[in-house]
Amino acid sequence: MAGAIIENMSTKKLVIVGVILLLFQAFAFMVGGLIAPSPATAVHYLATKCVDTVKKPQQTKWFMPWGPNQCDNIQSFDEAMAKGIEANNIVFAVHIPLPNKEMSPWFQFMLFILQFDIAFKMYNQIADGALVHIDVGLAYRDDMNSEWTEMAHSLEQRKLSCNFTATKVTHENEGRHYECDLLPFMEVGSVAHKYYLLNIRLPVNERKKINVGIAEIRDIRLVGIHQNGGFTKVWFAMKTVLTPSILIIMIWYWRRITLMSRPPVLLEKVILALGISMTFINIPVEWFSVGFNWTWMLLFGDIRQGIFYSMLLSFWIIFCGEHLMETEFFETLVLGRGELKMCDLCVPAIKILPKLGRHSTKKSQDQTERNRFSIYWKQVGPIVFGSFCLFIFDMCERGVQLKNPFYSIWASDIGTELAMAFIIVAGICACLYFLFLCFMVFQVFRNISGKRMSLPAMSKARQLHYEGLIFRFKFLMLVTLACAALTVIFFIISQVNEGHWHRGEHMVQVNSAFFTGIYGMWNLYVFAIMFLYAPSHKHYGDEQSSIQCITGDAGVNSCEDIQPTTTITHVDGPTEIYKMIGQEAQE
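Our subject in this report is the structure included herewith.

Rules behind the numbers
Residues numbered from 1 in each chain as written. Predicted model: local features only at pLDDT ≥ 70, side-chain atom pairs only at ≥ 80, totals over all residues. Heavy atoms only, no water. Patch = residues over 30% accessible without salt bridge, like charges linked within 9 Å, V, L, I, M, F, W, Y side chains within 5 Å. Areas by Shrake-Rupley, 256 points an atom, 1.4 Å probe, with all protein chains shown as cover. Salt bridge = Lys/Arg side-chain N within 4 Å of Asp/Glu carboxyl O. Helix = DSSP H or I, 4+ residues; strand = E, 2+ residues; numbered from the N terminus. Buried < 20%, exposed > 50% of the residue type's maximum accessible area, 1.4 Å probe, protein only. Phe/Tyr/Trp six-rings, centres within 6.5 Å; stacked < 30°, edge-to-face > 60°. Lys NZ or Arg CZ within 6 Å of the ring centre and 35° of its normal. Disulfide = S-S within 2.5 Å. Polar contact = N/O pair within 3.5 Å; in protein donor to acceptor, adjacent residues only side chain to side chain. Contact = heavy atoms within 4.5 Å. Pairing = 2+ DSSP bridges. Axes fitted to C-alpha atoms, helices over the stretch in contact; angles between N-to-C directions. Core = buried A, V, L, I, M, F, W, Y, C linked by side-chain atoms within 4.5 Å.

1. A short note on a nonpolar patch on the surface
Working step 1: On the surface, a cluster of nonpolar side chains totalling about 340 Å² of accessible area is made up of Phe388, Phe391, Ile392 and Met395.
Working step 2: With respect to the helices and strands, the residue Phe388 is situated in helix H9 (residues 377–401).
Working step 3: Judged by its relative accessible area of 48%, Phe388 falls in the partly exposed class.

2. Topic: the packing of aromatic side chains
What describes a pair of aromatic rings is the distance from one ring centre to the other and the angle between the planes of the rings.
Working step 1: Under the counting rule described, the total for this entry stands at 29 aromatic pairs.
Working step 2: Ring centres of Phe120 and Phe164 lie 4.4 Å apart, and the angle between their planes is 20°; this geometry places the pair in the stacked category. Of this pair, Phe120 sits in the loop between strand E6 (110–119) and strand E7 (131–141) while Phe164 is found in the loop between strand E9 (162–163) and strand E10 (179–180), placing the two residues 44 residues apart along the sequence.
Working step 3: With relative accessibility at 1%, the residue Phe120 sits in the buried group.
Working step 4: Taken together through their ring pairs, the aromatic side chains of Phe231, Trp235, Phe308, Tyr309, Phe490, Phe491, Phe514, Phe515, Tyr519 and Trp522 make up a single cluster.
Working step 5: Stacked on the ring of Trp106, the Lys or Arg Lys233 has its end atom at 5.3 Å from the ring centre.
Working step 6: Lying over the aromatic face of Phe445, Lys474 brings its terminal NZ or CZ to 5.4 Å of the ring centre.

3. Some points on the state of the cysteines
Working step 1: Summed over all chains, the structure comprises 2 disulfides.
Working step 2: One disulfide bridge connects Cys50 with Cys71, the sulfur atoms lying 1.9 Å from each other. On the S-S bond that ties Cys50 to Cys71, the torsion sits near -60°, and the link is left-handed. Linking Cys50 in strand E3 (residues 48–51) with Cys71 in the loop between E3 and strand E4 (73–74), this pair joins segments that are 21 residues apart in sequence.
Working step 3: Cys50 gets classed as buried once you look at its relative accessible area, which sits at 0%.
Working step 4: The class of Cys71 is buried, set by a relative accessible area of 10%.
Working step 5: Between the sulfur of Cys162 and that of Cys180 lies a disulfide, 2.0 Å long from S to S.

4. Here's the deal with the side chain of Asn211
Working step 1: Relative to the helices and strands, Asn211 resides in the loop between strand E12 (195–201) and strand E13 (216–227).
Working step 2: Within the local environment of Asn211, its side chain forms a polar contact with the backbone nitrogen of His133, the two atoms lying 2.7 Å apart.
Working step 3: At a separation of 2.5 Å, a polar atom in the side chain of Asn211 contacts the main-chain carbonyl oxygen of Pro203.
Working step 4: With near-sequence residues (within four places) excluded, Asn211 lies in contact with Leu131, Val132, His133, Leu202, Pro203 and Val204.

5. A short note on the side chain of Ser512
Working step 1: Checked against the element boundaries, Ser512 lands in helix H12 (residues 512–532).
Working step 2: Classification of Ser512 by relative accessible area gives buried; the value is 1%.
Working step 3: Engagement of the side chain of Ser512 in a polar contact is seen with the backbone oxygen of Pro37, the distance being 2.2 Å.
Working step 4: Here Ser512 is in contact with Gly32, Ala36, Pro37, Ser38, Pro39 and Phe231, once residues within four sequence places are set aside.

6. Some thoughts on the sheet that holds strand E11 (residues 183–188)
In sheet architecture, strand pairing relies on hydrogen bonds along the backbone and comes in two forms, parallel and antiparallel.
Working step 1: Sheet architecture is open: 4 strands sit in the order E2-E13-E6-E11, paired in antiparallel fashion. Whereas interior strands pair on both sides, the edge strands pair on one side only; in this sheet they are strand E2 (40–46) and E11. Across the sheet, the mean angle separating the axes of adjacent strands is 25° when strand polarity is ignored.
Working step 2: Where E2 lies against E13, 7 bridges are found, and the strand directions are antiparallel. Opposite Thr41, over in E13, you have His226 as the bridge partner.

7. Structural notes on the pairing of E7
Working step 1: The element E7 is extensively covered by neighbouring structure, given that 9 of its 11 residues are classed as buried.
Working step 2: Relative to strand E8 (residues 149–159), E7 is paired through 10 bridges, and the arrangement is antiparallel. Each residue of the ladder has a partner; that of Ile134, found in E8, is Glu156.
Working step 3: Here 7 bridges tie E7 to E12, and the two strands are oriented antiparallel to one another. Note that in E12 the partner of Ala139 across the bridge is Leu197.

8. Digging into the nonpolar core
Working step 1: One finds Phe315, Trp316 and Trp522 to be the most contacted residues of the largest nonpolar core, which totals 74 residues.
Working step 2: Ignoring sequence-local partners within four residues, the contact set of Trp316 consists of Tyr433, Leu437, Thr480, Cys483, Ala484, Thr487 and Tyr525.
Working step 3: In this structure, Val51, Ala80, Ile134 and Leu183 belong to the second largest nonpolar core, which totals 48 residues.

Structure (structure tokens):
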């Protein structure tokens, strides 16, 4: 009877495999910690106040803050008032990047946060619920001498949230700045050009109450966040190396499954689906973003990661659930309490003791339920629903940003509250999932411990055999829990960081080693599961078997076949542990 590699491979070989995987895991952390730079960089920009002398501003005219075509600029609004320049003729210009630098496709994305420097005036204070109307345009070019090409233009609104820290609001405090929250401004999903230019206007129309009651805006500051090019190269290299390794082990695993004389069971199908989802997220399609202006790559990456999260979380539920079915296989292995068939060359028939109180209907019922995906709908359903909600949330922001990079769901109070509630609920659900998974693993361990009480009644050889299988399975379950814990932590930190980026708050500092280490851990875990649960080339057969016979308490001889041969003919399930916990012995 063949089993999986995890139960048939010698302990020495398993230790070697485990050490090799551990070394690769350490290498994945070291790649991020010693080679890759930090994942993202923040650059601060101060807008230059350019003067548009044309009475009717033309959107096709672009104002450069520096360089040979530098615009006419002013240093302060006091200077503008002295020269009779109106607010509608002032354009805030920001060149991206800073002088003597270039943007690169390796930066992958650009995210900008907006901050206003607002001075306090007794006669012009910030009104409650004040909205800033922004007329903004984005242009690009690839050399310093060519003309600017418009990339996007939009009329946006941002709500001010400012506090004045002075204890007394008096004329003596005029000129002091408010403390204002940072505001989401722009996100672009690719960096296909070398130079970008932002022109920002704050049009004033007292009759329509546009930009009225926003006090005196003196400066505009931007914080630009982009992925580091060095980290991108390391990330792409890891994807390129890991893709063929997972693809090869997946093909090898399924080929072994198809050589079986039985159809695949649910657990084996789910393992294959896990390998497919890992391969899907591994395929380094990001290489094309270096040469093509694919602004949808951020959204596509989120979709791929969401599919993998759904499959990984569902796999852990099914993996534990398949070992929790209440059946009687292990109890029928007890020797000395009745006639038990251990091999074809010994006792020719099996007689289940009546006192066990087992019925054939219970066996068929367990087996029918065991390989049905539908029995897990209560556990997998919430995972799929949560992933769908993540997809809708992503489409509501990054989907719209494909057309308008200045759009942000965080720009309104309702959007901000929904987004924050979504992040909080997602974090709580992730923690609850992990606790539920711990409970399922505890149930599996308790189930095994209950069946383990029958081991002393077995022969010494078979007792040692099952003791080894139980230890290997428990160790694998503990590794699964560790992977689940790190995955939940990674998910929560990623969601919190993204929320803080959009809200302009301080980020949780995450080293590149954490990203590369977690990504490497996923690949190594999927690789190990497919390798260890693949059918072994060994099986307990007749020709090359070594039979050990013992005499039970009732004087009945029973024999054990403990030596392997090389045919894949296992018909009951992937492993002995799988059968021991979840399947009856055949009568």
